[in-house]
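This is what each chain is made of:
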Amino acid sequence: QSASSSQKRVLWFGLILFFVFVADTLMSYVTPLVLRDYFGNLATAGLGMGFSSVVGLAADWLVAQKLPNTTYRTFIKWLLIISIWFPLVFWIFPGSAVGYLLAMTAWGLYYEMIGFASFDFVDRSVSHKLHAVTWGVLDAFKAMALLIAPVLAGMLFQTQPNAIYMISLFCLSITTLIFFL
């Protein structure tokens, strides 16, 4: 028996989430370490990381006010455009306060795009009675990413920190390919 169109879309979106969350979790692992080394202490690094939350909060408000009918496909396109800046800035502009703020801005923006895309996808793509199981499937893809990425980041950070940025960019490239399939 073949999978239904709805099931195929859920698997497609689950793969997108998997690779986005591998990229995101890799960067989430290294960001406090890199910012602590740059700023000299965890408190200032935390303030720098907190900037992404302020940006995310502003994005939540702006999207709700100005873009209430935006579809998951549009949110994914923006996510892909914005998310590459997070690892790219860390890789290309190490040790730049302005660069780190730009990276935190990208993080805050694209992370909100993940949420908006996910909610809109579930609403548009599956019947209401399947919402709960769909969220379970999508969370399973996210959980796999959250299991794999920290182990990978931990193995690479001490010896090849730039590899983390490259793998993150690679995962986002795979996401882009999957999105356009």
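Residues numbered from 1 in each chain as written. Predicted model: local features only at pLDDT ≥ 70, side-chain atom pairs only at ≥ 80, totals over all residues. Heavy atoms only, no water.

**Student:** Help me out: how do you make sense of the nonpolar core in this one?
**Tutor:** Nonpolar side chains in soluble globular proteins tend to end up buried together. Core analysis: the largest hydrophobic core is formed by 54 residues, its most contacted members being Trp12, Phe13, Ile76, Phe86, Phe90 and Phe121. Elements with a minimum of two residues in this core: helix 1 (5-39), helix 2 (42-66), helix 3 (72-83), helix 4 (85-92), helix 5 (97-125), helix 6 (131-157) and helix 7 (161-179). Top element by residues in this core is helix 1. It accounts for 16 residues. When near neighbours in sequence (up to four residues on either side) are disregarded, Phe90 contacts Met27, Thr31, Val34, Tyr100, Ala103, Met104 and Tyr165. (Core = buried A, V, L, I, M, F, W, Y, C linked by side-chain atoms within 4.5 Å. Buried < 20%, exposed > 50% of the residue type's maximum accessible area, 1.4 Å probe, protein only. Helix = DSSP H or I, 4+ residues; strand = E, 2+ residues; numbered from the N terminus. Contact = heavy atoms within 4.5 Å.)

**Student:** I'm lost on the environment of Val10 in this one. Help?
**Tutor:** With respect to the element layout, Val10 can be found in helix 1. Taking relative accessible area as the criterion, Val10 reaches 8% and is therefore assigned buried. Sequence separation between Val10 and Leu88 is 78 residues, and the spatial gap between their C-alpha atoms is 29 Å. When neighbours within four sequence positions are excluded, Val10 is seen to be in contact with Phe121, Val126, Thr134, Val137 and Leu138.

**Student:** Would you explain helix 6 in this entry?
**Tutor:** One turn of an α-helix holds 3.6 residues; hence residues three or four places apart share an orientation. Here helix 6 is 27 residues long and its end C-alpha atoms lie 38 Å apart, about the 39 Å a rise of 1.5 Å per residue gives. Of the residues making up helix 6, those classed as buried are His131, Thr134, Leu138, Phe141, Ala145, Ala149, Ala153, Leu156 and Phe157. (Expected span 1.5 Å × (residues − 1).)

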